[in-house]
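# Summary of structural features
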Amino acid sequence: MNKYRNAVNPIKKGLGAFFVTRKVKISFLIVVWSIVAIQIYVNYQQTSDNTSQAVTAFSVVEDSIIEEIVNGCGYFGTMEISENTRKKMLENLAYKLGITDGYDFMTGNGNDYEKMILTKEGKHATTTLQIVSMIKEGTSPEQYILVEIRAKEKAKQAVSLYQKVKRTYEEIGIDGQVSLEILAEEKGNCMTGEKGRIMEDIFEIMKAKKVDSIMENDIFTVYGYTKSEDNYITLKDKKVNIQIVMFYDEKEDKTYIKIGLPMVNSSY
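Residues numbered from 1 in each chain as written. Predicted model: local features only at pLDDT ≥ 70, side-chain atom pairs only at ≥ 80, totals over all residues. Heavy atoms only, no water.

## Thoughts on the confidence of the model for the protein
When pLDDT drops low, the exact placement of atoms in the prediction is not to be read closely. Going by this rule: Per-residue confidence from the predictor is given as pLDDT, running between 0 and 100. Strands are runs of DSSP state E lasting at least 2 residues, helices are runs of H or I lasting at least 4, and numbering of each runs from the N terminus. For this analysis, residues touch if any pair of their heavy atoms sits within 4.5 Å.
On average, residues of the protein carry a pLDDT of 82, and 79% of them reach 70 or more. Of all helices and strands in the protein, the one with the weakest mean pLDDT is helix α1 (residues 22-33) (48), whereas strand β3 (residues 113-121) scores best (97). Of the regions scoring below 50 in pLDDT, residues 1-25 engages in 55 contacts with residues more than four places distant in sequence or in other chains.

Printed below as a string of structure tokens:
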């Protein structure tokens, strides 16, 4: 149901087809990824307005937010990339996200993949950047660029971070699939009565139309679509780009809320 859970199955749209030789491809990644000053100004005002709308919507649960998670996944192309080049790519990507020092590297591998990981443990956020190479016998590896940022910020900063990761994928020339997930806890039962308007309030502010809803195992899930968010996936042949999940725990007398743009990634 959620295409973001599988980190190696995004839509394969990359730049590999445009370059003939391995040398040109590698030169491209190093040069382009090192351009830090580049900015995307197209439709800037519209993006700013949409960001403001999302911030206002999430302010409904502002005081209850415990964590925000931004995930990104993009297909770069099919090519061989050396360990030194991967390291340089990750350093340049970190720099574009405002990370200049204090990060660590590690590597990992399996039967059909190998990866290099850059991790930055910050005061307000933990950032993990990965280059994952999917290995297929008889062909060059498929390269994927993954981003995960776990933060404890206000709604405004979280939405700004989400937009920043989307813009970063654009700037490095990758059609990345990026999502924002907000986790919140509310005292009491927010699925009924006056508190039960949380979903309606968020949808109203986002000008979102309900696409579908499910009540299963005491978990209430609502899917919607809003023109104010450009990302979307298809669910039952309908566009979806906002999801809200709620669960009430009677013992703790708390309602757990997850809001996802365009979807909730974590299990529930």
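On we go.
## With respect to the nonpolar core
The line we're drawing: For our purposes a nonpolar core is just a set of buried Ala, Val, Leu, Ile, Met, Phe, Trp, Tyr and Cys residues, chained together by side-chain atoms within 4.5 Å. To sort residues, take the accessible area from a 1.4 Å probe on protein chains only and compare it with the maximum for the residue type: under 20% means buried, over 50% means exposed, and anything in between is partly exposed.
The biggest cluster of nonpolar side chains holds 49 residues, and the ones touching the most others in it are F58 and L180. When residues in this core are grouped by element, the largest group, 6 residues, is from helix α4 (residues 155-171). Every residue in contact with F58, bar those within four places of it in the chain, is listed here: I65, A155, V159, L180, I182, I259 and L261.

## Structural notes on the side chain of E68
Note the cut-off: Think of it this way: Lys and Arg go in the positive column, Asp and Glu in the negative one, and His and the chain ends go nowhere. Salt-bridge detection follows one rule: a side-chain nitrogen of Lys or Arg within 4 Å of a carboxyl oxygen of Asp or Glu. In protein, a polar contact requires one atom able to donate a hydrogen and another able to accept it; more generally it is a pair of N or O atoms within 3.5 Å, and residues adjacent in sequence count only if both atoms are side-chain atoms.
Looking at the element boundaries, E68 is found in strand β1 (residues 65-78). No salt bridge is formed by the buried E68; the nearest opposite charge belongs to K154, separated by 8.5 Å. Within the structure, the side chain of E68 is placed 2.9 Å from the backbone nitrogen of E153, a separation counted as a polar contact.

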